[in-house]
Amino acid sequence: LQHYFIQSNLSEMIKFLLLLGVALVPMSAFLSEFVEKLFHGEESDVFGPVARIPYSDLLNNNPYVDPFVLHSMKHYGFFYVVDVPGYNASTELNLMHKFYDLPEEVKANIEIRRHNPANPNAYRGYCPGLDDVENTLQYKNLYNIGPHEVRAPMTSQKDDDLMKKLRYDIQEPNVWPSTGDCEFDKEFKETFQEGFEIRRNIARAFVRSISRALEFPELTSLFAEDEFSAMGLRKYPVRKRINENMYSDYDSELLRELEHVDSTVTVLSTFNNPGLQMLYEGVYRDAPVSDNGFIVNIGKLVDDIIDNQLVSVKHRVKETEFDRYSITYFLGPQFDADISRSMSGEPTEAGRKYRIFGEWIKDYLGAIELFYY
(Lines give C-alpha, C1' and ligand atoms only; values in the text may rest on other atoms or scores of the structure.)
Protein backbone atom coordinates (compact mmCIF):
# COMPACT_ATOMS: atom_id res chain seq x y z
CA LEU A 1 0.00 0.00 0.00
CA GLN A 2 2.78 2.42 0.91
CA HIS A 3 4.68 1.76 -2.31
CA TYR A 4 1.51 2.09 -4.35
CA PHE A 5 0.46 5.31 -2.70
CA ILE A 6 3.63 7.31 -3.07
CA GLN A 7 4.34 6.11 -6.58
CA SER A 8 0.86 6.34 -8.07
CA ASN A 9 -1.67 9.04 -8.80
CA LEU A 10 -2.78 10.37 -5.44
CA SER A 11 -6.29 11.22 -6.54
CA GLU A 12 -7.02 7.65 -7.55
CA MET A 13 -5.81 6.38 -4.18
CA ILE A 14 -7.93 8.89 -2.27
CA LYS A 15 -11.00 7.78 -4.26
CA PHE A 16 -10.17 4.19 -3.43
CA LEU A 17 -9.95 4.99 0.26
CA LEU A 18 -13.25 6.84 0.18
CA LEU A 19 -14.90 3.80 -1.37
CA LEU A 20 -13.66 1.77 1.58
CA GLY A 21 -15.62 4.02 3.90
CA VAL A 22 -12.87 6.31 5.06
CA ALA A 23 -15.19 9.28 4.54
CA LEU A 24 -17.12 8.22 7.61
CA VAL A 25 -14.49 9.99 9.73
CA PRO A 26 -13.43 13.63 9.34
CA MET A 27 -10.98 13.79 6.43
CA SER A 28 -8.46 16.05 8.18
CA ALA A 29 -8.29 13.81 11.21
CA PHE A 30 -8.05 10.70 9.07
CA LEU A 31 -5.30 12.04 6.83
CA SER A 32 -3.15 13.15 9.73
CA GLU A 33 -3.24 9.69 11.31
CA PHE A 34 -3.00 7.90 7.96
CA VAL A 35 0.06 9.88 6.85
CA GLU A 36 1.89 9.13 10.08
CA LYS A 37 1.35 5.40 9.57
CA LEU A 38 1.97 5.43 5.84
CA PHE A 39 5.27 7.28 6.03
CA HIS A 40 6.84 5.29 8.83
CA GLY A 41 10.08 4.42 7.07
CA GLU A 42 12.30 1.41 7.40
CA GLU A 43 15.79 1.92 8.79
CA SER A 44 17.33 0.27 5.71
CA ASP A 45 15.71 2.81 3.38
CA VAL A 46 15.42 5.94 5.45
CA PHE A 47 14.33 8.16 2.55
CA GLY A 48 12.05 5.56 0.98
CA PRO A 49 8.93 7.15 2.50
CA VAL A 50 9.68 10.65 1.16
CA ALA A 51 6.63 11.74 -0.85
CA ARG A 52 6.63 11.54 -4.64
CA ILE A 53 3.94 13.91 -5.85
CA PRO A 54 2.73 13.81 -9.48
CA TYR A 55 3.30 17.16 -11.19
CA SER A 56 -0.29 17.56 -12.37
CA ASP A 57 -1.70 16.87 -8.90
CA LEU A 58 0.55 19.49 -7.36
CA LEU A 59 -0.16 22.15 -9.97
CA ASN A 60 -3.92 21.60 -9.96
CA ASN A 61 -4.11 22.83 -6.35
CA ASN A 62 -5.69 19.59 -5.22
CA PRO A 63 -5.72 19.83 -1.41
CA TYR A 64 -5.33 16.09 -0.92
CA VAL A 65 -1.62 16.36 -1.77
CA ASP A 66 -1.01 18.85 1.03
CA PRO A 67 -0.69 16.39 3.95
CA PHE A 68 1.89 14.37 2.04
CA VAL A 69 3.96 17.39 1.06
CA LEU A 70 3.70 18.71 4.60
CA HIS A 71 4.71 15.41 6.19
CA SER A 72 7.82 15.03 4.06
CA MET A 73 8.82 18.65 4.62
CA LYS A 74 8.37 18.37 8.40
CA HIS A 75 10.20 15.05 8.73
CA TYR A 76 12.83 15.09 5.99
CA GLY A 77 12.96 18.62 4.58
CA PHE A 78 12.36 17.60 0.95
CA PHE A 79 10.07 15.70 -1.41
CA TYR A 80 9.98 14.65 -5.06
CA VAL A 81 7.86 15.81 -7.99
CA VAL A 82 7.37 13.10 -10.62
CA ASP A 83 5.41 12.33 -13.78
CA VAL A 84 5.94 15.69 -15.46
CA PRO A 85 4.11 15.70 -18.81
CA GLY A 86 6.42 16.23 -21.74
CA TYR A 87 9.55 16.60 -19.61
CA ASN A 88 12.68 14.65 -20.53
CA ALA A 89 15.65 14.99 -18.18
CA SER A 90 17.92 13.21 -20.67
CA THR A 91 17.35 15.99 -23.22
CA GLU A 92 18.45 18.62 -20.71
CA LEU A 93 21.47 16.58 -19.64
CA ASN A 94 22.59 15.94 -23.22
CA LEU A 95 22.36 19.66 -24.02
CA MET A 96 24.38 20.49 -20.92
CA HIS A 97 27.10 18.10 -22.07
CA LYS A 98 27.15 19.75 -25.49
CA PHE A 99 27.25 23.25 -24.00
CA TYR A 100 30.13 22.54 -21.65
CA ASP A 101 32.02 20.78 -24.46
CA LEU A 102 31.96 23.98 -26.54
CA PRO A 103 35.33 25.71 -27.02
CA GLU A 104 36.11 28.20 -24.27
CA GLU A 105 36.34 31.02 -26.80
CA VAL A 106 32.72 30.38 -27.78
CA LYS A 107 31.51 30.31 -24.18
CA ALA A 108 33.54 33.47 -23.48
CA ASN A 109 31.00 35.45 -25.52
CA ILE A 110 28.40 34.88 -22.80
CA GLU A 111 30.66 34.91 -19.74
CA ILE A 112 29.59 37.17 -16.92
CA ARG A 113 31.32 40.52 -16.67
CA ARG A 114 33.54 39.48 -13.77
CA HIS A 115 35.26 36.97 -16.07
CA ASN A 116 34.95 38.88 -19.34
CA PRO A 117 34.84 42.68 -18.80
CA ALA A 118 33.83 43.16 -22.43
CA ASN A 119 30.40 41.65 -21.68
CA PRO A 120 27.58 43.67 -20.07
CA ASN A 121 25.89 40.75 -18.24
CA ALA A 122 26.67 40.60 -14.53
CA TYR A 123 24.60 37.58 -13.36
CA ARG A 124 22.99 35.80 -16.30
CA GLY A 125 25.28 33.77 -18.48
CA TYR A 126 28.34 31.57 -18.15
CA CYS A 127 30.64 31.51 -15.14
CA PRO A 128 33.71 29.28 -15.59
CA GLY A 129 34.99 27.54 -12.50
CA LEU A 130 38.57 27.77 -11.32
CA ASP A 131 40.49 24.61 -10.42
CA ASP A 132 42.54 26.56 -7.89
CA VAL A 133 43.00 24.15 -5.03
CA GLU A 134 44.73 26.66 -2.79
CA ASN A 135 42.20 29.48 -3.05
CA THR A 136 38.82 27.91 -3.81
CA LEU A 137 36.85 25.36 -1.82
CA GLN A 138 34.54 24.40 -4.68
CA TYR A 139 35.16 23.82 -8.35
CA LYS A 140 32.14 24.15 -10.59
CA ASN A 141 31.09 25.75 -13.85
CA LEU A 142 27.75 27.53 -13.91
CA TYR A 143 25.39 28.81 -16.59
CA ASN A 144 22.75 31.07 -15.04
CA ILE A 145 19.27 31.62 -16.52
CA GLY A 146 16.63 34.03 -15.20
CA PRO A 147 12.99 34.93 -15.88
CA HIS A 148 13.67 37.92 -18.14
CA GLU A 149 14.35 38.02 -21.87
CA VAL A 150 14.08 41.85 -21.98
CA ARG A 151 14.18 44.54 -19.33
CA ALA A 152 11.02 46.27 -18.17
CA PRO A 153 10.78 49.64 -19.98
CA MET A 154 10.43 51.69 -16.77
CA THR A 155 13.82 50.67 -15.36
CA SER A 156 17.00 52.63 -15.87
CA GLN A 157 20.60 51.85 -15.04
CA LYS A 158 21.24 55.58 -14.55
CA ASP A 159 18.79 55.96 -11.67
CA ASP A 160 20.54 57.40 -8.60
CA ASP A 161 18.25 55.60 -6.14
CA LEU A 162 20.13 52.44 -5.12
CA MET A 163 16.99 50.33 -4.77
CA LYS A 164 15.64 51.48 -8.14
CA LYS A 165 19.00 50.65 -9.68
CA LEU A 166 18.81 47.22 -8.09
CA ARG A 167 15.39 46.72 -9.67
CA TYR A 168 17.10 47.42 -12.98
CA ASP A 169 19.97 45.03 -12.23
CA ILE A 170 17.78 42.11 -11.21
CA GLN A 171 15.86 42.30 -14.48
CA GLU A 172 18.98 41.50 -16.44
CA PRO A 173 17.99 39.65 -19.62
CA ASN A 174 19.21 36.17 -20.35
CA VAL A 175 22.14 35.66 -22.68
CA TRP A 176 22.03 32.54 -24.85
CA PRO A 177 24.76 30.67 -26.73
CA SER A 178 25.38 31.70 -30.31
CA THR A 179 27.57 28.93 -31.67
CA GLY A 180 26.90 29.11 -35.39
CA ASP A 181 24.95 25.87 -35.08
CA CYS A 182 21.41 27.23 -35.39
CA GLU A 183 19.78 23.91 -34.59
CA PHE A 184 21.70 23.53 -31.32
CA ASP A 185 21.21 27.18 -30.33
CA LYS A 186 17.46 26.93 -30.89
CA GLU A 187 17.05 23.63 -29.05
CA PHE A 188 19.19 24.79 -26.13
CA LYS A 189 17.24 28.02 -25.65
CA GLU A 190 13.78 26.49 -26.05
CA THR A 191 14.55 23.47 -23.85
CA PHE A 192 15.80 25.51 -20.94
CA GLN A 193 13.12 28.16 -21.28
CA GLU A 194 10.60 25.33 -20.92
CA GLY A 195 12.63 23.80 -18.09
CA PHE A 196 12.67 27.12 -16.28
CA GLU A 197 8.89 27.39 -16.54
CA ILE A 198 8.36 23.82 -15.27
CA ARG A 199 10.51 24.48 -12.22
CA ARG A 200 8.85 27.83 -11.54
CA ASN A 201 5.45 26.12 -11.73
CA ILE A 202 6.59 23.51 -9.20
CA ALA A 203 8.00 26.08 -6.79
CA ARG A 204 4.89 28.27 -6.88
CA ALA A 205 2.57 25.26 -6.51
CA PHE A 206 4.62 24.13 -3.52
CA VAL A 207 4.18 27.57 -1.90
CA ARG A 208 0.43 27.32 -2.47
CA SER A 209 0.34 23.84 -0.96
CA ILE A 210 2.23 24.91 2.14
CA SER A 211 0.07 28.02 2.53
CA ARG A 212 -3.02 25.77 2.59
CA ALA A 213 -1.52 23.13 4.86
CA LEU A 214 -0.22 25.63 7.40
CA GLU A 215 -3.23 27.94 7.02
CA PHE A 216 -1.09 30.90 5.97
CA PRO A 217 -3.17 32.37 3.10
CA GLU A 218 -1.00 35.51 3.00
CA LEU A 219 2.10 33.49 2.10
CA THR A 220 1.33 33.25 -1.62
CA SER A 221 1.20 37.04 -1.97
CA LEU A 222 4.89 37.23 -1.05
CA PHE A 223 5.69 35.18 -4.18
CA ALA A 224 3.39 36.95 -6.66
CA GLU A 225 6.41 38.03 -8.72
CA ASP A 226 9.80 36.38 -9.14
CA GLU A 227 12.13 39.13 -10.29
CA PHE A 228 15.28 37.29 -9.28
CA SER A 229 14.44 33.64 -9.58
CA ALA A 230 17.39 31.78 -11.09
CA MET A 231 18.18 28.46 -12.72
CA GLY A 232 21.78 27.28 -12.76
CA LEU A 233 23.15 24.60 -15.07
CA ARG A 234 26.05 23.23 -13.06
CA LYS A 235 29.01 21.10 -14.01
CA TYR A 236 31.36 19.89 -11.30
CA PRO A 237 34.54 18.74 -13.07
CA VAL A 238 36.81 16.19 -11.46
CA ARG A 239 39.42 18.04 -9.42
CA LYS A 240 43.04 17.25 -10.16
CA ARG A 241 44.16 17.98 -6.62
CA ILE A 242 42.58 18.23 -3.21
CA ASN A 243 43.46 19.80 0.11
CA GLU A 244 42.20 19.57 3.66
CA ASN A 245 39.67 22.38 3.15
CA MET A 246 37.60 20.05 0.99
CA TYR A 247 36.97 17.62 3.83
CA SER A 248 33.87 17.99 5.96
CA ASP A 249 34.32 19.41 9.44
CA TYR A 250 31.28 17.34 10.40
CA ASP A 251 32.46 13.83 9.53
CA SER A 252 35.65 14.22 7.40
CA GLU A 253 33.89 13.22 4.16
CA LEU A 254 35.58 14.55 1.01
CA LEU A 255 33.09 16.93 -0.62
CA ARG A 256 32.23 18.38 -4.02
CA GLU A 257 29.67 20.87 -2.66
CA LEU A 258 30.10 22.15 0.87
CA GLU A 259 27.51 21.59 3.57
CA HIS A 260 24.90 24.34 3.53
CA VAL A 261 21.28 25.31 3.97
CA ASP A 262 19.54 27.10 1.09
CA SER A 263 17.80 30.45 1.49
CA THR A 264 14.65 30.30 -0.64
CA VAL A 265 12.61 27.59 -2.43
CA THR A 266 14.78 25.12 -4.33
CA VAL A 267 13.85 22.80 -7.19
CA LEU A 268 16.77 20.49 -7.94
CA SER A 269 17.64 18.07 -10.74
CA THR A 270 20.39 15.55 -10.01
CA PHE A 271 19.44 13.36 -13.00
CA ASN A 272 20.94 9.94 -12.25
CA ASN A 273 24.05 11.35 -10.59
CA PRO A 274 24.64 10.16 -7.03
CA GLY A 275 26.44 12.28 -4.46
CA LEU A 276 23.71 14.43 -2.89
CA GLN A 277 23.38 13.84 0.84
CA MET A 278 20.77 15.17 3.26
CA LEU A 279 21.29 15.55 7.00
CA TYR A 280 18.73 13.39 8.80
CA GLU A 281 18.80 12.54 12.50
CA GLY A 282 22.37 13.75 12.81
CA VAL A 283 23.76 11.72 9.90
CA TYR A 284 24.37 12.68 6.26
CA ARG A 285 22.59 10.10 4.14
CA ASP A 286 22.49 9.54 0.37
CA ALA A 287 19.37 11.03 -1.20
CA PRO A 288 17.71 9.14 -4.06
CA VAL A 289 18.45 10.75 -7.43
CA SER A 290 15.80 12.91 -9.09
CA ASP A 291 15.88 10.79 -12.28
CA ASN A 292 13.17 12.23 -14.57
CA GLY A 293 11.67 14.33 -11.79
CA PHE A 294 12.70 16.98 -9.28
CA ILE A 295 13.68 17.37 -5.63
CA VAL A 296 12.05 20.25 -3.73
CA ASN A 297 13.27 21.83 -0.48
CA ILE A 298 13.25 25.20 1.24
CA GLY A 299 15.89 27.44 2.78
CA LYS A 300 16.30 29.35 6.01
CA LEU A 301 14.79 32.63 4.81
CA VAL A 302 11.51 31.03 3.76
CA ASP A 303 11.39 28.75 6.79
CA ASP A 304 11.68 31.78 9.07
CA ILE A 305 8.76 33.43 7.26
CA ILE A 306 6.56 30.41 7.96
CA ASP A 307 7.60 30.32 11.64
CA ASN A 308 10.09 27.47 11.15
CA GLN A 309 7.33 24.90 10.82
CA LEU A 310 9.22 22.91 8.18
CA VAL A 311 12.77 21.60 7.96
CA SER A 312 15.25 23.67 5.98
CA VAL A 313 17.44 20.66 5.38
CA LYS A 314 21.21 20.88 5.49
CA HIS A 315 22.77 19.11 2.53
CA ARG A 316 25.99 18.60 0.60
CA VAL A 317 27.51 16.72 -2.34
CA LYS A 318 30.22 14.20 -1.62
CA GLU A 319 33.16 13.70 -3.96
CA THR A 320 32.56 11.62 -7.09
CA GLU A 321 35.00 10.19 -9.60
CA PHE A 322 33.27 11.70 -12.62
CA ASP A 323 32.11 15.05 -13.96
CA ARG A 324 28.84 15.68 -12.17
CA TYR A 325 25.94 17.66 -13.65
CA SER A 326 22.92 19.14 -11.89
CA ILE A 327 20.38 21.96 -12.28
CA THR A 328 19.23 24.17 -9.42
CA TYR A 329 16.26 26.52 -9.54
CA PHE A 330 15.65 29.08 -6.78
CA LEU A 331 12.40 30.95 -6.20
CA GLY A 332 12.55 33.85 -3.78
CA PRO A 333 9.89 36.28 -2.59
CA GLN A 334 9.07 39.26 -4.77
CA PHE A 335 11.19 42.40 -4.51
CA ASP A 336 8.83 44.30 -2.17
CA ALA A 337 7.87 41.31 -0.01
CA ASP A 338 8.07 42.05 3.72
CA ILE A 339 10.52 39.51 5.15
CA SER A 340 10.95 41.25 8.50
CA ARG A 341 8.17 39.30 10.20
CA SER A 342 6.84 35.78 10.01
CA MET A 343 3.31 34.77 9.14
CA SER A 344 2.43 34.91 12.84
CA GLY A 345 3.98 38.36 13.23
CA GLU A 346 7.20 37.29 14.94
CA PRO A 347 10.48 39.03 13.95
CA THR A 348 12.55 36.97 11.53
CA GLU A 349 16.31 36.58 11.57
CA ALA A 350 16.55 38.51 8.30
CA GLY A 351 14.30 41.18 9.80
CA ARG A 352 17.06 42.25 12.15
CA LYS A 353 18.69 43.95 9.16
CA TYR A 354 16.18 44.03 6.30
CA ARG A 355 12.54 44.91 5.79
CA ILE A 356 11.94 43.78 2.20
CA PHE A 357 13.41 41.01 0.08
CA GLY A 358 15.00 43.53 -2.28
CA GLU A 359 17.22 44.80 0.52
CA TRP A 360 18.21 41.25 1.41
CA ILE A 361 18.98 40.28 -2.18
CA LYS A 362 21.30 43.27 -2.58
CA ASP A 363 23.69 41.92 0.04
CA TYR A 364 23.11 38.31 -0.98
CA LEU A 365 24.11 39.01 -4.58
CA GLY A 366 27.32 40.59 -3.41
CA ALA A 367 28.17 37.50 -1.39
CA ILE A 368 27.25 35.18 -4.25
CA GLU A 369 29.38 37.16 -6.69
CA LEU A 370 32.40 36.90 -4.43
CA PHE A 371 31.86 33.25 -3.54
CA TYR A 372 30.82 31.67 -6.83
CA TYR A 373 31.80 34.08 -9.55
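Below you will find a few notes about this structure. Once a new chain begins, its residue numbering starts again from 1 and follows that chain's sequence as written. Under the rules for a predicted model, residues below a pLDDT of 70 receive no local features and side-chain atom pairs below 80 are neither given nor counted, while totals for whole chains, interfaces and linings still include all residues. Based on all heavy atoms of the structure, the side-chain values leave hydrogens and waters out of the count.

Let's shift gears to the overall build of the chain. Working definition: helices are DSSP H or I runs of at least four residues, strands are E runs of at least two. Numbering for both runs from the N terminus. Scanning the chain for helices and strands turns up eleven helices and twelve strands. Residues counted as buried form 53% of the 373 residues belonging to the chain. Whether two residues are in contact is decided by their heavy atoms: any pair within 4.5 Å suffices. Looking at the chain alone, contacts between residues at least 24 apart form 73% of all its contacts between residues at least 6 apart. Here the chain has roughly 17500 Å² of accessible surface; of this, 50% comes from carbon and sulfur atoms. For each residue, the accessible area found with a 1.4 Å probe, counting protein chains only, is set against the maximum for its type, and the residue is called buried under 20%, exposed over 50%, and partly exposed in between. To measure how exposed things are, a 1.4 Å probe is used in the Shrake-Rupley method; for residues, cover is taken only from the protein chains shown.

Pairing in this open sheet of eight strands is mixed, and the strands run 1-2-10-7-12-5-4-3 from one edge to the other. Each edge of the open sheet carries a strand with a single partner, namely strand 1 (52–54) and strand 3 (125–127). Recorded for the sheet is a direction-independent mean angle of 25 degrees between the axes of neighbouring strands. For helices, the fitted axis covers only the stretch in contact; all axes are lines through C-alpha atoms, and the angles between them, taken along N-to-C directions, range from 0 to 180 degrees. Against the sheet, helix 6 (residues 89–100) engages strand 3, strand 4 (141–145), strand 5 (230–236) and strand 12 (324–331), with an angle of about 110 degrees to strand 12. We treat two strands as partners when DSSP finds at least two bridges between them.

With that out of the way, let us pick up the environment of Ala 213. Of note, Ala 213 is situated in helix 9 (residues 182–213). Of the residues examined, Ala 213 reaches a relative accessible area of 27% and is grouped as partly exposed. Spatially, the C-alpha atom of Ala 213 lies 5.8 Å from that of Asp 66, the residues being 147 residues apart in sequence. Look past the residues within four positions of Ala 213 in its chain and what remains in contact with it is Asp 66 and Leu 70.

A word on unusual backbone geometry. Here the phi dihedral of Asp 83 falls at roughly 55 degrees; this positive angle occurs in a residue that is not glycine. In this structure, Asp 83 sits in the loop between strand 2 (78–82) and helix 6.

This next bit is on the side chain of Glu 172. Residue position: Glu 172 is located in the loop between helix 8 (162–170) and helix 9. Two N or O atoms form a polar contact when they lie within 3.5 Å of each other; inside protein one atom must be a possible hydrogen donor and the other a possible acceptor, and for residues adjacent in sequence the pair counts only when both atoms belong to side chains. In terms of polar contacts, Glu 172 uses its side chain to reach the backbone amide nitrogen of Tyr 123, at 2.9 Å. Apart from the residues within four sequence positions on either side, Glu 172 is in contact with Pro 120, Asn 121, Ala 122, Tyr 123, Arg 124, His 148 and Arg 151.

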